[in-house]
Amino acid sequence: MKFYLTLARNNLRQHEYIYLPFVIAMSFMMMVSIVMLNIALMGSKLFKNLGNHTGEIVFGLSSSVTMLMTLILACYANSFILRQRIQQLGLFSVIGFSKGEIAKMLGLENLLCLLTTLLTGIVTSVGFSRLGYLILARMLNLPSNTAFGLNFKAFEIASIMMVIIFAFLMILDFIWLKRHNPIQLVRAANSNEIEPRIRWFLLILGTLSLGSGYYLALTLKNPFRALIYFFLAVLLVIIGTYFLFMAGSIFVLKLLRRIPRYYYQPIHFVGLGNLLTRLKQNGAGLASITILLTMTMMTLSTTITFFSGSDQVVNSISPDDLKFTTTSNNDFRPLIENNAAKFGIRLGKLRRFTTTQGFKAELVGNSLRKESRNNYAVEATTIKSFNEFKSRKLQLRPNEIIICKQSGYPFKELKIGSNNYRVKEVFRQNALNEVIDPTIVYLVFANENIMKKEMEATFGIKSKDIGLVTMNFLTLNGTYKQKMALYRSLPSNLGVLSKPVVAKSANSLISGALFVGCLMSFAFVLATVLILYYKQLSEGYADAKRYQTLERVGLARKEIRKTINSQLLLVFYLPLVAASVHLAVSLPMLQRIITLFGFHDQKNLIIVTFCVLLIFALFYIMIYKLTTNVYYRIVTRRAIRRE
């Protein structure tokens with residue numbers, strides 16, 4: 001065993017240029033998971049303003065997503081490492097190592113990497129958990145004396161997950177060894193690669209999948225439907241991206257080769273030829289980079305937009321200091337007035353909006369029909385209440401009506417029972433400027449008598465039994481302390497909403513989401529950098545032989561550098577361009593979804609998204625410069641060695 005351990009240690013040292021980034025990436029992902037798990041387990045203290053387990057659930061789910069991404073990244077890196085070590089493993093077979101002995105050596109290498117990852121991940125997470133808590137506490141405006149400790153369970157869960165991931169890698173290695181003969185692979189690696197054919201099935205399927213995802217993102221106008229179909233659209237775009245990069249890129253390169261003015265130039269001639277021989281591996285890697293970039297930019301854009309517009313979200317939920325609902329049988333305004341006087345609060349402006357209870361009905365064509373399904377409802381109000389709350393001066397004749405419906409109403413008349421009403425105006429929001437549930441319709445009548453008569457005729461409920469609900473919005477003149485004292489003095493079963501309480505809960509949730517978004521983005525960026533680095537390494541080693549041939553036929557180093565840049569420019573910036581297109585197409589869908597949370601400033605989302613895209617483009621260019629030098633050094637160094 002000592003012999004194999006020494007061998008494994010020497011192998012890791014010899015290939016540190018591929019193992020070191022792998023261990024660093026795994027340690028970072030483990031650290032991110034521990035930070036999230038620690039916050040999730042301490043959520044009862046950090047997110048007590050939310051009054052439920054929302055914070056714990058958000059951080060717990062984010063930690064699971066991070067672990068899933070760690071598994072995918074580990075599998076990708078392990079596959080790359082095996083490909084790079086084919087020749088070495090083949091040599092071990094030549095000198096007499098059996099598959100079992102090679103498996104034992106690979107297992108010990110993975111074990112050493114696991115131990116290093118666990119040690120590094122745990123040590124760094126101790127400091128970063130504390131730092132993460134301080135940042136989050138600052139964002140949540142928590143008292144400085146809030147106790148926070150490290151939860152051992154977070155370290156335990158993350159360590160177990162990392163052991164499972166490495167055990168899975170070992171199983172993959174053993175399966176790979178069992179299915180392959182290293183000697184044959186060495187021969188295959190040294191043989192000439194066959195130019196790939198266009199895979200039409202993948203090309204067509206990818207085009208349809210991407211087109212369907214884009215169609216959903218661009219055409220769904222209903223915010224609720226946009227939220228429901230969001231993950232389906234994301235899945236279609238991911239499938240389309242992978243298939244198009246694997247099959248579509250070959251199709252495009254072959255198309256470019258048919259253009260003589262482009263193809264018959266030294267820098268394009270060699271670059272396109274090289275890409276065509278191994279686009280299958282490149283395509284999957286480029287698609288992964290595209291997806292990671294898109295996810296990172298979408299996460300950051302959305303969370304930053306919410307954070308910058310948190311006041312708007314709060315105002316949409318509770319536009320005034322106090323919101324409460326009263327009915328004819330339950331009017332507790334006197335209680336509020338008495339308690340306000342007790343705490344020295346002067347009551348300000350009171351706005352009221354009165355509607356009927358919800359009736360099971362829906363609009364079918366231009367008719368109002370009773371509906372047995374529970375999730376369809378019609379509520380009615382009067383033009384007086386509508387104008388009072390919206391500060392409008394609209395007027396309705398007895399035979400006129402206003403409709404508030406999320407998807408709009410295309411007809412000029414509405415038939416209710418035997419009466420036809422002329423539709424004077426249509427709103428896609430209700431009187432409270434809230435986004436309307438697509439299953440709910442608000443009707444505005446000329447007066448209360450007409451409203452009750454139509455409800456009675458349609459639903460068979462006597463006018464006197466039709467309940468009216470009044471939403472009250474009250475402005476309070478007092479300090480924050482006085483307002484909170486009034487809110488706490490009211491019975492909890494009255495359903496009173498206080499703006500300061502809503503603001504505190506909303507800020508806690510949005511700040512937590514921004515924190516998670518930033519952590520996830522760092523993880524996505526690290527995964528992107530690791531994939532880029534490995535891709536450039538594999539490209540460099542694979543192209544060294546070809547560029548040596550170019551030098552032998554007389555191509556100068558300067559020309560070789562131009563050729564390299566041409567190829568890298570084509571391959572490297574393709575994911576950034578594709579991610580930018582994905583992001584731009586997703587914006588309409590994101591805009592509709594965020595309106596469900598009371599955020600209506602679409603311009604802010606566009607500005608934030610543009611800034612995020614600009615920052616990532618600069619970051620991407622920086623990575624391009626660094627990895628291009630690595631690629632060029634590998635190619636030229638190998639070429640010199642062969643001389």
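Along each chain, residue indices are assigned from 1 in the same order as the chain's sequence is written. Restriction of local features to residues with pLDDT of at least 70 applies here, the model being predicted, together with a cutoff of 80 or more for giving and counting side-chain atom pairs; totals for whole chains, interfaces and linings are based on all residues. The basis for every side-chain value is the complete set of heavy atoms in the structure, and neither hydrogens nor water enter the calculation.

Peer 1: I'm lost on the overall build of the protein chain in this one. Help?
Peer 2: Per the secondary structure count, the protein chain includes 21 helices and 11 strands. Only protein chains enter the area calculation, which uses a 1.4 Å probe; residues under 20% of their type maximum are buried, those over 50% are exposed, and those in between are partly exposed. Within the protein chain, buried positions represent 50% of all 643 residues. Only heavy atoms enter the contact rule, under which two residues are in contact if any of them lie within 4.5 Å. Long-range contacts, defined here as pairs at least 24 residues apart, represent 81% of the contacts in the protein chain between residues at least 6 apart. Working definition: helices are DSSP H or I runs of at least four residues, strands are E runs of at least two. Numbering for both runs from the N terminus.

Peer 1: In this structure, what is going on with the side chain of glutamate 400? I would like to understand it.
Peer 2: Residue position: glutamate 400 is located in strand 6 (residues 400-405). Judged by relative accessible area, glutamate 400 falls into the buried class, the value being 4%. Among the polar contacts made by the side chain of glutamate 400, one reaches the side chain of arginine 422 at a distance of 2.4 Å. What qualifies as a polar contact is a pair of N or O atoms within 3.5 Å, subject to a donor-acceptor requirement within protein and to the restriction that residues adjacent in sequence count only when both atoms come from side chains.

Peer 1: I keep staring at helix 9 (residues 200-219) and nothing clicks. Help me out?
Peer 2: Note on helix geometry: an α-helix contains 3.6 residues per turn, so any two residues three or four positions apart are oriented the same way. Helix length check: helix 9, at 20 residues, gives a terminal C-alpha distance of 28 Å against a target of 28 Å (1.5 Å per residue), a fit within 8%. Every buried residue belonging to helix 9 is among Leu202, Leu203, Gly206, Ser209, Leu210, Gly213, Tyr214, Leu216 and Ala217, and all of these are buried. The span you would expect from a helix comes to 1.5 Å times its residue count less one.

Peer 1: Where do I start with a nonpolar patch on the surface in this structure?
Peer 2: On the surface, a nonpolar cluster with roughly 320 Å² of combined accessible area is contributed by Ile157, Ile160, Met161 and Ile164. Along the polypeptide, isoleucine 157 turns up in helix 7 (residues 152-179). Each patch groups residues whose relative accessible area exceeds 30% and which form no salt bridge, using 9 Å between like charges and 5 Å between nonpolar side chains of Val, Leu, Ile, Met, Phe, Trp and Tyr. The Shrake-Rupley method, run with a 1.4 Å probe, gives the accessible areas here. Residue values count only the displayed protein chains as cover. We count a salt bridge whenever a side-chain nitrogen from Lys or Arg sits within 4 Å of a carboxyl oxygen from Asp or Glu.

Peer 1: Explanation requested: the pairing of strand 10 (residues 468-477) in the structure shown.
Peer 2: Looking along a regular strand, one sees the side chains alternate between the two faces of the sheet. When DSSP finds two or more bridges between a pair of strands, those strands are recorded as paired. Examined bridge by bridge, strand 1 (residues 322-327) and strand 10 share 6 bridges and lie antiparallel to one another. What sits directly across from threonine 325, in strand 10, is methionine 471. As paired strands, strand 2 (residues 346-356) and strand 10 are joined by 9 bridges and run antiparallel to one another. Counted as the bridge partner of arginine 351 is phenylalanine 473 from strand 10.

Peer 1: Sorry if this is basic, but what is going on with the sheet that holds strand 1 here?
Peer 2: Strand pairing in a sheet relies on backbone hydrogen bonds. The paired strands run either parallel or antiparallel. Read from one edge of the open sheet, 4 strands run 2-10-1-11, paired in antiparallel fashion. Lying at the two open borders of the sheet, with one neighbouring strand each, are strand 2 and strand 11 (497-498). Inter-axis angles, ranging from 0 to 180 degrees, are taken between N-to-C directions of lines fitted to C-alpha atoms, where helices are fitted over the stretch in contact. In the packing of helix 15 (residues 333-342) onto the sheet, the strands contacted are strand 1, strand 2 and strand 10, and the crossing angle to strand 2 comes to about 165°.

Peer 1: I keep staring at the nonpolar core and nothing clicks. Help me out?
Peer 2: Soluble globular proteins tend to bury their nonpolar side chains together. The term nonpolar core refers to a set of buried residues drawn from Ala, Val, Leu, Ile, Met, Phe, Trp, Tyr and Cys, joined through side-chain atoms within 4.5 Å. Counting residues in hydrophobic clusters, the biggest one holds 93 residues, and the most contacted among them are Phe22, Phe59, Phe166, Leu293, Tyr534 and Met589. For this core, the element with the most residues is helix 2 (residues 16-41), which contributes 16 residues. Judged by nonpolar contacts, the second largest core, of 33 residues, contains Ala377, Phe386, Ile416 and Met455.

Peer 1: Explanation requested: the packing of helix 1 (residues 2-14) against helix 2 in the structure shown.
Peer 2: Two packed helices can be described by the angle between their axes and the distance between those axes. The N-to-C vectors of helix 1 and helix 2 enclose an angle of 90°; their axes lie 6 Å apart at closest approach. With respect to their mutual orientation, helix 1 and helix 2 come out roughly perpendicular. In this structure, helix 1 uses Leu12, Arg13 and Gln14 to contact helix 2, whose residues at the interface are Glu16, Tyr17 and Tyr19. Reported orientations rely on four angle classes, namely roughly parallel under 35 degrees, roughly antiparallel over 145, roughly perpendicular from 65 to 115, and oblique for the rest.

Peer 1: For this particular structure, what's the right way to read the environment of phenylalanine 251?
Peer 2: Along the chain, phenylalanine 251 turns up in helix 10 (residues 223-257). A relative accessible area of 29% means that phenylalanine 251 is categorised as partly exposed. In contact with phenylalanine 251, not counting residues within four places along its chain, are Ile198, Trp200 and Leu203.

Peer 1: What is the right way to look at the pattern of salt bridges in this model?
Peer 2: Side-chain pairs of opposite charge can arise where the charged atoms are in close proximity. Using the criterion set out here, one finds 3 salt bridges in the structure. Here aspartate 321 ties to lysine 483 by a salt bridge, and the two come within 3.6 Å at their closest N and O atoms. Placement of the pair is aspartate 321 in the loop between helix 14 (310-317) and strand 1 and lysine 483 in helix 18 (residues 480-489), with a sequence separation of 162 residues. Each member of the pair, aspartate 321 as well as lysine 483, is classed as buried. Between glutamate 448 and lysine 452 there is a salt bridge, with its nearest N and O atoms 3.2 Å apart.

Peer 1: I tried to follow the pairing of strand 3 (residues 361-364) on my own but got confused; where do I start?
Peer 2: The sheet contact formed by strand 3 and strand 4 (residues 367-370) spans 4 bridges and is antiparallel. If you follow alanine 361 over to strand 4, its bridge partner there is lysine 370. Turn length for the strand 3-strand 4 hairpin, with the two strands adjacent in sequence and antiparallel, is 2 residues, and the turn residue glycine 365 shows positive phi of about 65°.

Peer 1: Help me understand helix 7, please; the structure alone is not making it clear to me.
Peer 2: For helix 7, spanning 28 residues, the distance from its first C-alpha to its last is 41 Å, which sits close to the expected 40 Å at 1.5 Å a residue. Listed as buried for helix 7 are Ala154, Phe155, Ala158, Ser159, Met162, Ile165, Phe166, Leu169, Met170, Asp173, Trp176 and Leu177. In this structure asparagine 151 caps helix 7, since a side-chain oxygen of it lies 2.9 Å from the backbone nitrogen of lysine 153.

Peer 1: Is there a simple way to think about the environment of serine 538 in this case?
Peer 2: Residue position: serine 538 is located in helix 19 (residues 499-552). For serine 538, a relative accessible area of 18% translates into the label buried. A sequence separation of 457 residues divides serine 538 from isoleucine 81, and the C-alpha atoms of the two residues are 9.7 Å apart. Setting aside its immediate chain neighbours within four residues, serine 538 contacts Phe80 and Gln84.

Peer 1: Explain the packing of helix 5 (residues 86-94) against helix 6 (residues 99-140) here, please?
Peer 2: Put simply, helix 5 and helix 6 touch, their axes get as near as 10 Å, and they point 140° apart. Classified by the interaxial angle, the pair formed by helix 5 and helix 6 is oblique. Helix 6 is crossed by helix 5, and the crossing has right-handed handedness. Residues Leu89, Phe92 and Ser93 of helix 5 lie in contact with helix 6, whose contacting residues are Ile102, Met105 and Leu106. The crossing is said to be left-handed when, going from far helix to near helix, the turn is anticlockwise and less than a right angle, and right-handed when the turn is clockwise.

These results come straight from atomic positions and should not be treated as a statement about function.
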